[in-house]
Amino acid sequence: MKKTALLIALIASIVLVQQSAKAQSYKSAVGLKFGGYENGLSGKYFLNETNAIEGVLGIRKNGIVITGLYQFYQNAFDVAQLRWYYGAGAHIGGMGDGRYKRFGGDDEYYNGGILLGADAVLGLEYVIPESPIALSVDLNPRLELGRGPFFDLAPGLGIKYTF
């Protein structure tokens, strides 16, 4: 009887330790993304421990853009809650008349039109321990095909509520 109780206690301990280790990461999140081009709402869903998909509904002056990214995650600097991520995806959207500010390039005036192109991302994400908040900073290279072609590189900041 003592052996059975000890075995049950050992199994329960292992399950609890595994659950607390998994609680350090998250399965999905919603939040705000502040980028070089657009600011807006973001949503992220992890397919497994190292792969995620992220969608961003970005609002910009005179327009709106939807971006989808497939991301890969790995630990950074041996810090439990800090992870590198990188990935690629695409964007589509539209903009009205106005001046289009480009990072590292001359501003251009457009008479409206469609935005369409390829995106990449490279960044760091930190999940605040004992809280449902994740913070991120990244670089977003973008190849614009709809109004280009031209290449831009924009910074991004994110804050997400994880669950």
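What you see is a predicted model; the values in this text were computed from it and never measured.

For the rest of this paragraph, the subject is the pairing of strand β8 (residues 150-162). Alternating residues of β8 divide into F150, D152, A154, G156, G158, K160 and T162, all buried, and F151, L153, P155, L157, I159 and Y161, none buried. Sheet analysis places strand β1 (residues 28-35) next to β8, joined by seven bridges and oriented antiparallel. Residue pairing in the sheet places L32 in a bridge with I159 of β8. Linkage of strand β7 (residues 133-144) to β8, two consecutive antiparallel strands, is achieved through a turn of five residues.

Moving on: the side chain of S28. Along the chain, the position of S28 falls in strand β1. On the basis of relative accessible area, S28 is assigned to the buried category, the value being 14%. Residues in contact with S28, not counting those within four places in the same chain, are K44, Y45, Y161, T162 and F163.

Relative to the helices and strands, N140 resides in strand β7. On the accessibility criterion, N140 (14% relative accessible area) is buried.

Okay, the nonpolar core next. Judged by nonpolar contacts, Y26, A29, F46, A52, L69, Y73, Y85, V121, V127 and A134 together constitute the single largest core of ten residues. When contributions to this core are tallied by element, the ones reaching two or more residues are β4 (63-76) and β6 (108-127). Excluding residues that lie within four positions of it along the chain, Y85 makes contacts with Q71, F72, Y73, V121, L122, G123, L124, E125, S136, V137 and D138. Residues V65, M95, L115 and F150 belong to the second largest nonpolar core, which totals five residues.

It is worth spelling out empty space enclosed by the protein at this point. For the structure shown, the criterion picks out two cavities of 30 Å³ or more. Here the largest cavity is characterised by a volume of approximately 200 Å³. K33, E38, T67, N140 and R142 are the residues nearest the centre of the largest cavity, which is lined by 16 residues in total. Elements with a contribution of two residues or more to the lining of the largest cavity: β1, β3 (51-60), β4, β6, β7 and β8. Take the lining of the largest cavity: its biggest share by element is three residues, from β3. Estimates place the volume of the second largest cavity at around 30 Å³. Taken together, L32, K33, S42, K44, E54, Y85, S136, D138, G158 and K160 form the lining of the second largest cavity. Looking at the lining of the second largest cavity, the elements with two or more residues in it are β1, β2 (39-46), β7 and β8. Class assignment of the residues belonging to the lining of the second largest cavity gives a composition of two nonpolar, three polar and five charged.

Calculation notes
- Residues numbered from 1 in each chain as written.
- Predicted model: local features only at pLDDT ≥ 70, side-chain atom pairs only at ≥ 80, totals over all residues.
- Heavy atoms only, no water.
- Buried < 20%, exposed > 50% of the residue type's maximum accessible area, 1.4 Å probe, protein only.
- Helix = DSSP H or I, 4+ residues; strand = E, 2+ residues; numbered from the N terminus.
- Pairing = 2+ DSSP bridges.
- Contact = heavy atoms within 4.5 Å.
- Core = buried A, V, L, I, M, F, W, Y, C linked by side-chain atoms within 4.5 Å.
- 1 Å grid on protein atoms, 1.4 Å probe; cavity = no way out; pocket = protein on both sides within 12 Å on 5 of 7 lines; lining within 4 Å.
- Points joined across faces, edges and corners; volume = space filled by probe spheres on them.
- Nonpolar A, V, L, I, M, F, W, Y, C, P; charged D, E, K, R; others polar.

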